[in-house]
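Descriptive analysis of the structure
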Amino acid sequence: MGDWLYLIIAIAVVGVVTLAGLLTSGRRRKEVPPPSGRTDVIAPPPTEGEVATGAPPEPAVDTAEPVVEAPTVEKPESTASRLVRLRQRLSLSQGGLGKGLLALLSRERLDEDTWEEIEDTLLTADIGVAPTQALVERLRTRLRVEGGQPSDVRAVLREELIELVGTDLDRRVQVTGTGGKPGVVLVVGVNGAGKTTTVGKIARILVAEDLSVTLGAADTFRAAAVDQLATWGERVGVEVVRGPEGGDPASVAFEAVKHGMDNGVDTVLVDTAGRLQNKAGLMDELGKIKRVIEKQADVTEVLLVLDATTGQNGLIQARVFSEIVDVTGIVLTKLDGSAKGGIVVQVQRELGVPVKLVGLGEGPDDMAPFDAAAFVDALLG
């Protein structure tokens, strides 16, 4: 009995000692840090470098060149689609003249008072005294001979207005040269007429026709004009030749034409400083620009930009410019809004030079070739 008691006590002591060892061992295992210095978080598996060396790899160095986004080159609107849109705009802004004339000419009795009202309506539209008198005389004769039914009146008025605006004028803009040389278009006009903007818009028309273009920023007296022209060029992927601010405009024009010849472009458009007709020095300088350009290539067009809202003042400007640089075509800007359509007739009669382009809005493609029939149709509404 005593032997059994001692055996039971010995087994109990051994069990207590073993249990204490297990508890101590468990606490120690929790205190041992994990391999490779990791913490007890979910981490990615070690890389080959870490396994081989026991240390994390060196961080990768990005040696790629920074990505520079190329400027977005716009696709200008085609000439055909912009003509449709411009006719609609012109009809909305100029329809009052035609409607007023039709209302007067459709009266049952065309007495002298009515004809005087017709004359006043035409004069108010800036058509001018001589063209107005000629038009009224022709209308009186035709309506007396052919009758005065409403349908006939409209047809007669349309025919006579188209004749007045001019059907035998060459309205093509000569933008290509001969003998492998580029066409050179010199754009002139006073400040505020929209000259630099016009150069940019003409460039868009040419690009839409798949012609290559170089722009010459010869308005060196206004840094804003040079920057503005550069922006127009960037938008359609056209190069701009520019010089130092206040530099010689003739030199910039010369370099622009040289650049165009060296690169085989179709057209060089040269923007010039706004010329005030009472500053003879500036006007002489404009003549110098033309002479310098012609040492390399012929100037194929001299386009005078006129603000259609200036009326008689625009005609004075036109006369002075035509004496200096032999203007070959007129660009009428701002023909929408308060502009009076008769300015088209007046400026052509004064200079014997056709209106070749018209601008009717602020949008980049709000310019199109001038068409006499479309213009008259818009006037009649």
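My aim in this report is to walk through the structure given alongside it, one point at a time. Computed from a predicted model, the values in this text were never measured in an experiment.

1. Focus: the overall build of the protein
Scanning the protein from N- to C-terminus turns up 13 helices and 8 strands. Buried residues in the protein amount to 42% of all 381 residues. Residue pairs at least 24 apart in sequence account for 76% of intrachain contacts in the protein once pairs closer than 6 positions are excluded.

2. A word on the sheet that holds strand β4 (residues 267–271)
Sheet architecture is open: 8 strands sit in the order β3-β2-β4-β1-β5-β6-β7-β8, paired in mixed fashion. Two strands close off the open sheet at either side, each with one partner strand: β3 (239–242) and β8 (367–369). With strand direction ignored, the average angle separating the axes of adjacent strands in the sheet is 25°. The pairing of strand β2 (residues 213–217) with β4 spans 5 bridges and is classified as parallel. Following the sheet pairing, Leu215 is matched in β4 by Leu269. Taken strand by strand, helix α7 (residues 195–208) contacts β1 (183–188), β2, β4, β5 (299–307), β6 (329–333), β7 (355–359) and β8, and its axis lies near 170° from that of β4. Along the sheet, helix α12 (residues 343–351) contacts β5, β6 and β7; its crossing angle with β6, the most-contacted strand, is approximately 155°.

3. As for helix α13 (residues 372–380)
A large share of α13 lies buried, amounting to 7 of its 9 residues. Of the residues making up α13, those classed as buried are Ala372, Ala374, Phe375, Val376, Ala378, Leu379 and Leu380. Between the side-chain oxygen of the N-cap and the backbone nitrogen of Ala373 there are 3.4 Å, and the N-cap of α13 in question is Asp371. Positive phi shows up at Gly381, right after α13, with a value of about 75°.

4. A look at the pairing of β3
As judged from the 4 bridges shared by β2 and β3, these two strands associate in the parallel manner. Among the inter-strand pairings, Thr214 is bridged to a residue of β3, identified as Glu239. With helix α8 (residues 223–236) bridging β2 and its parallel neighbour β3, the resulting β-α-β unit is right-handed.

5. With respect to unusual backbone geometry
Here Asp126, not a glycine, exhibits a phi torsion of approximately 70°, which is positive. Looking at where Asp126 falls in the secondary structure, it is placed in the loop between α4 (112–124) and α5 (129–146). Accessibility expressed as a relative area gives 17% for Asp126, which makes it buried. Positive phi values are uncommon outside glycine, yet Asp210 reaches one of about 65°. Positionally, Asp210 belongs in the loop between α7 and β2.

6. Quick look at the side chain of Thr272
For Thr272, the position within the fold is in the loop between β4 and α10 (280–293). What makes Thr272 buried here is its relative accessible area of 0%. A distance of 2.8 Å separates a polar atom in the side chain of Thr272 from the backbone oxygen of Val187. Here Thr272 is in contact with Leu186, Val187, Val188, Lys195, Ala218, Asp219, Leu286 and Ile289, once residues within four sequence places are set aside.

7. Here we look at the pairing of β6
Across the 5 residues that make up β6, a large majority, 5, are buried. Across 5 bridges, the pairing between β5 and β6 is parallel. When the bridges of β6 are listed, Leu304 appears paired with Ile330. Here β6 pairs with β7 via 3 bridges, running parallel. When the sheet's bridge partners are listed, Leu332 is paired in β7 with Val358.

8. So, the pattern of salt bridges
In this structure the tally under the stated criterion is 20 salt bridges. Across the pair Glu74 and Arg235 runs a salt bridge whose closest N-O atoms are separated by 3.1 Å. A residue pair is termed long-range when its members are at least 10 positions apart, and Glu74 in the loop between α2 (48–53) and α3 (79–105) and Arg235 in helix α8 qualify at 161 residues. Measuring nitrogen to oxygen at the nearest pair gives 3.3 Å for the salt bridge that ties Asp307 to Lys334. With Asp307 in strand β5 and Lys334 in the loop between β6 and α12, this residue pair connects regions lying 27 residues apart in the sequence. Judged by its relative accessible area of 33%, Lys334 falls in the partly exposed class. A single salt-bridge network, built from bridges that share partners, covers Glu74, Arg204, Arg235 and Asp365.

9. Let's talk about the nonpolar core
One recurring pattern in soluble globular proteins is that nonpolar side chains are buried together. Of all hydrophobic cores here, the largest spans 97 residues; its most connected members are Leu269, Ile293, Ile330 and Leu332. For this core, the leading source of residues is α3, giving 8 residues. Among residues more than four places away in sequence, those in contact with Ile293 are Val184, Leu186, Ala253, Val257, Val270 and Val299.

10. Overview of the packing of aromatic side chains
Applying the stated criterion across every chain, the model contains 1 aromatic pair. Arranged with centres 5.2 Å apart and planes meeting at 50°, the rings of Phe370 and Phe375 form a pair that is tilted. Assigned by exposure class, Phe370 and Phe375 land together as buried. Lying over the aromatic face of Trp232, Arg235 brings its terminal NZ or CZ to 5.4 Å of the ring centre.

The rules behind these values
Residues numbered from 1 in each chain as written. Predicted model: local features only at pLDDT ≥ 70, side-chain atom pairs only at ≥ 80, totals over all residues. Heavy atoms only, no water. Helix = DSSP H or I, 4+ residues; strand = E, 2+ residues; numbered from the N terminus. Buried < 20%, exposed > 50% of the residue type's maximum accessible area, 1.4 Å probe, protein only. Contact = heavy atoms within 4.5 Å. Pairing = 2+ DSSP bridges. Axes fitted to C-alpha atoms, helices over the stretch in contact; angles between N-to-C directions. Polar contact = N/O pair within 3.5 Å; in protein donor to acceptor, adjacent residues only side chain to side chain. Right-handed = clockwise from strand over helix to strand, strands pointing away. Salt bridge = Lys/Arg side-chain N within 4 Å of Asp/Glu carboxyl O. Core = buried A, V, L, I, M, F, W, Y, C linked by side-chain atoms within 4.5 Å. Phe/Tyr/Trp six-rings, centres within 6.5 Å; stacked < 30°, edge-to-face > 60°. Lys NZ or Arg CZ within 6 Å of the ring centre and 35° of its normal.

So, to be careful, I would describe these as geometric facts and stop short of saying anything about function.
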